[in-house]
Amino acid sequence: MAAKQKINKIILSTDTLSGYWLDHIFEIAKKVWFDWIDLATWKNFDARNASYVLKLANTHKLPVVSVQVSNQVNKREMEQAFQLCEQLGVDRITVNAPRTFDFKTYNFITNSLRDFHRQKTNISFSLINPDESHILWIIPKFRFRNIADSIKNHKTHIALDVANMEEETFERYFIKRFKSFKPYIDIIYLSDKDKQGKGHLPLGEWSLKIPTLLKTLHKHEYKHPLSIKLNINKKDLADNEKVELILGKCIRYIKDNLPS
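What comes next is a walk through the structure.

Calculation criteria
- Residues numbered from 1 in each chain as written.
- Predicted model: local features only at pLDDT ≥ 70, side-chain atom pairs only at ≥ 80, totals over all residues.
- Heavy atoms only, no water.
- Salt bridge = Lys/Arg side-chain N within 4 Å of Asp/Glu carboxyl O.
- Helix = DSSP H or I, 4+ residues; strand = E, 2+ residues; numbered from the N terminus.
- Buried < 20%, exposed > 50% of the residue type's maximum accessible area, 1.4 Å probe, protein only.
- Axes fitted to C-alpha atoms, helices over the stretch in contact; angles between N-to-C directions.
- Parallel < 35°, antiparallel > 145°, perpendicular 65-115°, else oblique.
- Left-handed = near helix turned anticlockwise from the far one by under 90°.
- Contact = heavy atoms within 4.5 Å.
- Arc of directions from axis to C-beta.
- Core = buried A, V, L, I, M, F, W, Y, C linked by side-chain atoms within 4.5 Å.
- Phe/Tyr/Trp six-rings, centres within 6.5 Å; stacked < 30°, edge-to-face > 60°.
- Lys NZ or Arg CZ within 6 Å of the ring centre and 35° of its normal.
- Pairing = 2+ DSSP bridges.
- 1 Å grid on protein atoms, 1.4 Å probe; cavity = no way out; pocket = protein on both sides within 12 Å on 5 of 7 lines; lining within 4 Å.
- Points joined across faces, edges and corners; volume = space filled by probe spheres on them.
- Nonpolar A, V, L, I, M, F, W, Y, C, P; charged D, E, K, R; others polar.

## Some words on the pattern of salt bridges
1) Next: Considering all chains together, one arrives at five salt bridges under this definition.
2) Next: In this structure, the salt-bridge partner of Glu 244 is Lys 31, at a minimum N-O distance of 3.4 Å. Residue Glu 244 is found in helix 10 (residues 240-257), and its partner Lys 31 is found in helix 1 (residues 22-31); the two are separated by 213 residues along the sequence.
3) Next: Residue Glu 244 is classed as buried on the basis of its relative accessible area of 18%.
4) Next: Using a relative accessible area of 54% as the deciding quantity, one classes Lys 31 as exposed.

Given below as structure tokens:
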């Protein structure tokens, strides 16, 4: 893994370009000046080939710094993620939150994560917070406001996806209490959402107060990576220039709003 950065590195979550071959994702990431790669293994079959991924990382000088597993992770997928980490020299695995009522996956995470952690002490686990707008809150432990307890119990970190948070939670709870959350946050996924709650949109065009968050990160000297994680529609994905424009604007937006 690359040496600890003095400033926030901006990384691309490869599930942003769902349907692209991995070599094309690396090409675009390099062209628009991403620093690192967050490898979403379930989105690309070629992402599971460690020697191929390493070749792309070396060719484009874009290290993979996180292996991201799906929201239906099981023993086989987790073991595969460990193998990728070992071969790629990665020490971070991010776990997508299971869907509502997917108790099988939830139980696997809660029952097995600590054991995996003990077996692989060099790996840092980060749990991605679930989408609050799509969860029926009959299960209080899924709420973001209770996530700190889960993090402590599982001895993991938070991979914070801001678009999965309700605006009130994001602005009035998380940003105002960022100092208390900071020790647990290992990576932040940045995107925006519209007034209807549709998330993972390009930065700066919608409703989340991302500039306020970036100023808060600077104030509290948060130095971990910032990842771009978007849902780009199929029409735009078919246009390389449009994709590069969208991603380039997101990077500039972060740099313009993150105090130096």
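## Focus: the packing of helix 1 against helix 10
1) Next: For the pair helix 1 and helix 10, interaxial distance at closest approach is 10 Å and the crossing angle is 50°. In terms of orientation, helix 1 lies oblique with respect to helix 10. Crossing handedness for the pair helix 1 and helix 10: right-handed. Across the interface between the two elements, His 24, Ile 28 and Lys 31 of helix 1 pack against Asn 240, Val 243, Glu 244 and Leu 247 of helix 10.

## So, helix 8 (residues 210-219)
1) Next: Of all the residues in helix 8, the buried ones are Ile 210, Leu 213, Leu 214, Thr 216 and Leu 217. Seen end-on, helix 8 carries its buried residues on one side only, within an arc spanning 160°.
2) Next: Where helix 8 is buried, its residues meet helix 6 (167-174), helix 7 (178-181), strand 7 (185-190), strand 8 (226-228) and helix 10.
3) Next: Just downstream of helix 8, Glu 221 is the residue with a positive phi angle, here 55°.

## Some points on the nonpolar core
1) Next: Judged by nonpolar contacts, the single largest core of 72 residues is most densely connected at Leu 17, Met 78, Ile 93, Phe 174 and Leu 247.
2) Next: The element contributing the most residues to this core is helix 10, with seven residues.
3) Next: Apart from residues lying up to four places away in sequence, Leu 247 is in contact with Leu 12, Thr 16, Leu 17, Ile 28, Val 32, Phe 34, Ile 228 and Leu 230.

## Side note on the packing of aromatic side chains
1) Next: Under the counting rule described, the total for this entry stands at five aromatic pairs.
2) Next: A ring pair is formed by Tyr 173 and Phe 181, whose centres lie 5.8 Å apart and whose planes are at 65°; its orientation type is edge-to-face. The two residues Tyr 173 and Phe 181 agree in class, both being buried.
3) Next: Here the aromatic cluster, defined as three or more aromatic residues joined through ring pairs, consists of Tyr 173, Phe 174, Phe 178, Phe 181 and Tyr 222.
4) Next: Positioned above the aromatic ring of Tyr 189, the side-chain terminus of Lys 229 is 5.0 Å from the ring centre.

## Points about the sheet that holds strand 6 (residues 157-161)
Across a sheet, paired strands are connected by hydrogen bonds in the backbone, their directions being either parallel or antiparallel.
1) Next: Strand order around the closed barrel formed by eight strands is 1-2-3-4-5-6-7-8, with parallel pairing between neighbours. Averaged over all adjacent pairs, the angle separating strand axes in this sheet is 25°, with direction ignored.
2) Next: Pairing geometry for strand 7 and strand 8, over three bridges, is parallel. Looking at strand 8, one finds that Tyr 189 is bridged to Ser 227.
3) Next: Against the sheet, helix 1 contacts strand 1 (10-13), strand 2 (36-40) and strand 3 (64-69), and its axis sits at roughly 155° relative to strand 2.

## Here's the deal with the layout of surface pockets
1) Next: Of the voids in this model, the largest pocket is the one considered here, and its volume is about 850 Å³.
2) Next: As for the largest pocket, its lining consists of 34 residues, and the residues nearest its centre are Asn 71, Asn 96, Asn 164, His 200 and Asn 231.
3) Next: Classifying every residue of the lining of the largest pocket by side-chain character gives ten nonpolar, 16 polar and eight charged.

## Re unusual backbone geometry
1) Next: Positive phi values are uncommon outside glycine, yet Lys 61 reaches one of about 55°.
2) Next: Take Lys 61: it is sitting in the loop between helix 2 (50-60) and strand 3.
3) Next: We note that Glu 221 has phi near 55°; this positive angle belongs to a residue other than glycine.

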